[in-house]
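# Geometric and topological summary
Next come the chains, spelled out residue by residue.
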Amino acid sequence: MANPLRGEVIKLYKTLLYLGREYPKGPIYFRERLKSAFMKNKDVSDPEKIKQLVAKGDYVIKELEALYFLRKYRAMKKRYYEPEK
Amino acid sequence: MSGRVLVGVKRVIDYAVKIRVKPDHTGVVTDGVKHSMNPFCEIAVEEAVKLKEKKLIQEVVAVSCGPQQSQETIRTALAMGADRGIHVEVSGKDYDSLGPLQVSKILAALAKKEEAQLVILGKQAIDDDCNQTGQMTAALLDWPQGTFASEVSLEAGKVKVVREIDGGLETIKINTPAVLTADLRLNTPRYATLPNIMKAKKKKIANMKPADLGVDLTSRLEVLRVDEPPQRQAGMKVETVEDLVGKLKEAGKV
């Protein structure tokens, strides 16, 4: 159990859980999917493979941040700016 | 230029929440509704933090006026990179009548007290859509103003601001100290990540009352009634061109 990467994986999970609170389809939808995605890989023990999966998680974080930004930006643009011709 | 930047942040109902008007038409429902930082204020914070990262300024101070919960908004600004916060506590009746004039009085007093070189605000808040606070603050301080900024650059005691105006851009150069208001395209605000929010808990938030700044909050405005926008009328389907022309004639459009 005392995998040196354990802390990193938990940190990733917490960060994703936090980001999921703003997910357009709701935090519950997000949490279920997040949990199943992590549980799917619970038996992975190869450090290289775990690192790869964590990197994939970091990528998802970036994508989510970009998604939230764009969503807000588009909402503001639609509300306050004339559509471009 | 070195010095301090004051950034105003406002706590508003989250942009994604559907706004509901109170049944007695005195305002909108705010209890139990998700709040977050005004999107334009996020852009203002980001700009100040960017200036600090370029070492053009030394300190970013985030200010918010409002009830206890406004501290969360300040916390978000601190997580985005502001150095410290000032919470001007306004609650109850004063908060209900808190408008751009009262806020700009507070900001002007704080800008003087903190000897700020720049005041950066969002151009408007998404709740009252007043678009006045920046302009009024500049007027009260008698400082130059660069509103609707879509590009800001500092150069030796001056600020070059590219402003978004109707049908184009305007570039102005103003002296500091100055007041700037951020438009949507100024930058892309960073996300306040979980570790940064945790770190922000260690940063200081000073608490003060408007009276400490010698600001009088009496409002001369009275809200008479708040209404929802009119509902869109249902459309109808017509079978043929004749039907369409007939209906249009009936409605007096042709």
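Residues numbered from 1 in each chain as written. Chains lettered and ligands numbered in written order. Predicted model: local features only at pLDDT ≥ 70, side-chain atom pairs only at ≥ 80, totals over all residues. Heavy atoms only, no water.

## Describing the overall build of chain A
Operational definition: Helix numbering and strand numbering both begin at the N terminus, where a helix is a DSSP run of H or I of at least 4 residues and a strand a DSSP run of E of at least 2. With the radius of gyration taken over C-alpha atoms, the globule rule is written as 2.2 Å times the number of residues to the power 0.38. Think of it in three bands: with a 1.4 Å probe and only protein chains considered, a residue is buried below 20% of the maximum accessible area for its type, exposed above 50%, and partly exposed in between. Contact definition: two residues touch when any of their heavy atoms are within 4.5 Å. For the accessible areas, the method is Shrake-Rupley and the probe is 1.4 Å, while residue cover comes only from the protein chains on display. Counting rule for charge: Lys and Arg are taken as positive, Asp and Glu as negative, and neither His nor the chain ends is counted. Taken as the charge location is NZ of Lys, CZ of Arg, CG of Asp or CD of Glu.
Across its full length, chain A holds three helices and zero strands. What you see in chain A, going N to C, is helices and strands ordered as α-α-α. Whereas a compact globule of 85 residues would reach a radius of gyration of roughly 12 Å, chain A reaches 17 Å, over 25% beyond that. With the principal axes as the frame, chain A shows a C-alpha extent of 55 × 25 × 15 Å. When burial is assessed residue by residue, chain A has 24% of its 85 residues classed as buried. Long-range pairs, those at least 24 residues apart, make up 66% of the contacts in chain A between residues at least 6 apart in sequence. Accessible surface computed for chain A: about 6600 Å², of which carbon and sulfur atoms make up 56%. Of the charged side chains in chain A, 21 are positive and 11 negative; the average position of the first set lies 6 Å away from that of the second.

## Concerning the nonpolar core
All names here are of chain B. To keep it simple, the criterion reads: Only buried residues count toward a nonpolar core, which is a set of Ala, Val, Leu, Ile, Met, Phe, Trp, Tyr and Cys residues joined through side-chain atoms within 4.5 Å.
Of all hydrophobic cores here, the largest spans 59 residues; its most connected members are V45, L118, V159 and L180. The dominant element in this core, judged by the number of residues it contributes, is helix α1 (residues 39–53), at eight residues. When near neighbours in sequence (up to four residues on either side) are disregarded, L180 contacts L118, V119, I120, L121, G146, V152, V159, V161 and I174. Counting residues in hydrophobic clusters, the runner-up holds 25 residues, among them C65, I86, V88 and V179.

## Focus on the UniProt feature "domain: Electron transfer flavoprotein alpha/beta-subunit N-terminal" (unreviewed entry) in chain B
What counts is decided by this rule: UniProt positions are given in the numbering used here, feature names are shortened, and annotations may be inferred rather than shown by experiment.
The feature "domain: Electron transfer flavoprotein alpha/beta-subunit N-terminal" (unreviewed entry), as annotated in UniProt, sits at residues 25–217 of chain B in this numbering. For residues 25–217 of chain B, the helix share is 31%, the strand share is 30%, and the end-to-end C-alpha distance is 24 Å.

## Some details on the UniProt feature "domain: Complex 1 LYR protein" (unreviewed entry) in chain A
Following the UniProt record, one finds the feature "domain: Complex 1 LYR protein" (unreviewed entry) at residues 8–58 of chain A. Taken end to end, residues 8–58 of chain A comprises 76% helix and 0% strand; its first and last C-alpha atoms sit 11 Å apart.

## Remarks on the sheet that holds strand β4 (residues 59–66) of chain B
Residues and elements named next belong to chain B. Defined as follows: Paired strands are those between which DSSP finds at least two bridges. Fitting a line to C-alpha atoms yields each axis, with helices limited to the stretch in contact; the angle taken between N-to-C directions then spans 0 to 180 degrees.
The strand order across the open sheet formed by nine strands is β9-β8-β7-β10-β6-β1-β4-β5-β11, and the pairing between neighbours is mixed. Lying at the two open borders of the sheet, with one neighbouring strand each, are β9 (168–175) and β11 (205–208). Taken over all neighbouring pairs, the strand axes of this sheet differ in orientation by 30° on average, direction set aside. Summarising the sheet, strand β1 (residues 4–8) and strand β6 (residues 118–122) pair through three bridges and their orientation is parallel. Residue pairing in the sheet places V7 in a bridge with I120 of β6. Sitting on the sheet, helix α2 (residues 70–80) is in contact with β4, β5 (84–89) and β11, with an inclination near 165° to β5. In the packing of helix α4 (residues 100–113) onto the sheet, the strands contacted are β1, β4, β5, β6 and β11, and the crossing angle to β4 comes to about 150°.

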